[in-house]
Amino acid sequence: MTPGQQVSVAVVALAGKSFPGHVKNIGGTGGSAWNRHFECRIALDQASPELRPGMTSNLVITVESLDNVTWVPSQALFESDGRSFVYLRTPSGFMPHDVTLVRRSESQVVLTGISEGALVAMSNPDQQSKSAARKAP
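Report follows, based on the coordinates. (Residues numbered from 1 in each chain as written. Predicted model: local features only at pLDDT ≥ 70, side-chain atom pairs only at ≥ 80, totals over all residues. Heavy atoms only, no water.)

**Things to note about the overall build of the chain**
Of the regular secondary structure elements, the chain holds one helix and 10 strands. Traced from its N-terminal end to its C-terminal end, the chain shows the element sequence β-β-β-β-β-β-β-β-β-β-α. By the compact-globule yardstick of 14 Å for 137 residues, the chain is too spread out, its C-alpha radius of gyration being 23 Å. Principal-axis analysis of the C-alpha atoms gives the chain an extent of 75 × 35 × 30 Å. Across the chain, the fraction of contacts at a sequence separation of at least 24, relative to all contacts at a separation of at least 6, is 52%. Surface accessibility of the chain: about 9900 Å² in total, with carbon and sulfur atoms responsible for 51%. (Helix = DSSP H or I, 4+ residues; strand = E, 2+ residues; numbered from the N terminus. Rg over C-alpha atoms; globule rule 2.2 N^0.38 Å. Contact = heavy atoms within 4.5 Å. Areas by Shrake-Rupley, 256 points an atom, 1.4 Å probe, with all protein chains shown as cover.)

Here it is in structure tokens:
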């Protein structure tokens, strides 16, 4: 986190309302590596008379925004010989389609190179057809 990042403050007592703000400053950290604590001051962009000291709130801090990317489950991304690709559905079936990997987590990958709404295979279609051929009498 860095000062200036956008924050959305949702106050529990004011259901359905959120207040925009930004990170004003970040203080020192303390605690163990698995239980780190730090002080962070948030400044609201516009104060509201509805807000009172001690109100419980939930904060969403936007640390980075990724534009023109697509999120897919991590098992939909395949890598071979230094290239990243997905199996994209085409009129003639699922075909390999090169993509650029932007970010990866355990369950999702962020890609460029395919459009929103594109259908991708969750497993290798070639392996599916080989497995089906072996089962046929």
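**Quick notes on the nonpolar core**
Among the nonpolar cores identified, the biggest contains 10 residues, and these are Val72, Ala76, Leu77, Val86, Leu88, Val99, Val109, Leu111, Ile114 and Val120. Counting residues per element, the ones that place at least two in this core are strand S7 (83-90) and strand S10 (108-112). For Val72, the residues in contact, after removing those within four places along its chain, are Ser107, Gln108, Val109, Leu111, Ile114 and Val120. Counting residues in hydrophobic clusters, the runner-up holds six residues, among them Val7, Leu14, Phe19 and Val23. (Core = buried A, V, L, I, M, F, W, Y, C linked by side-chain atoms within 4.5 Å. Buried < 20%, exposed > 50% of the residue type's maximum accessible area, 1.4 Å probe, protein only.)

**A word on unusual backbone geometry**
One non-glycine residue with positive phi stands out, namely Asn68, at about 55 degrees. Counting through the fold element by element, Asn68 comes out in the loop between strand S4 (57-61) and strand S5 (70-73). Assessed through its relative accessible area of 76%, Asn68 is described here as exposed.

**Quick word on the pattern of salt bridges**
Considering all chains together, one arrives at five salt bridges under this definition. With a shortest N-O distance of 2.5 Å, Lys17 and Glu50 are connected by a salt bridge. One end of the pair, Lys17, is in the loop between strand S1 (6-11) and strand S2 (18-30); the other, Glu50, is in the loop between strand S3 (37-44) and S4, and 33 residues separate them in sequence. By relative accessible area, Lys17 is classed as partly exposed at 37%. The exposure class of Glu50 is partly exposed, given its relative accessible area of 31%. The partner of Glu64 in a salt bridge is Arg103, with the nearest N and O atoms 2.6 Å apart. (Salt bridge = Lys/Arg side-chain N within 4 Å of Asp/Glu carboxyl O.)

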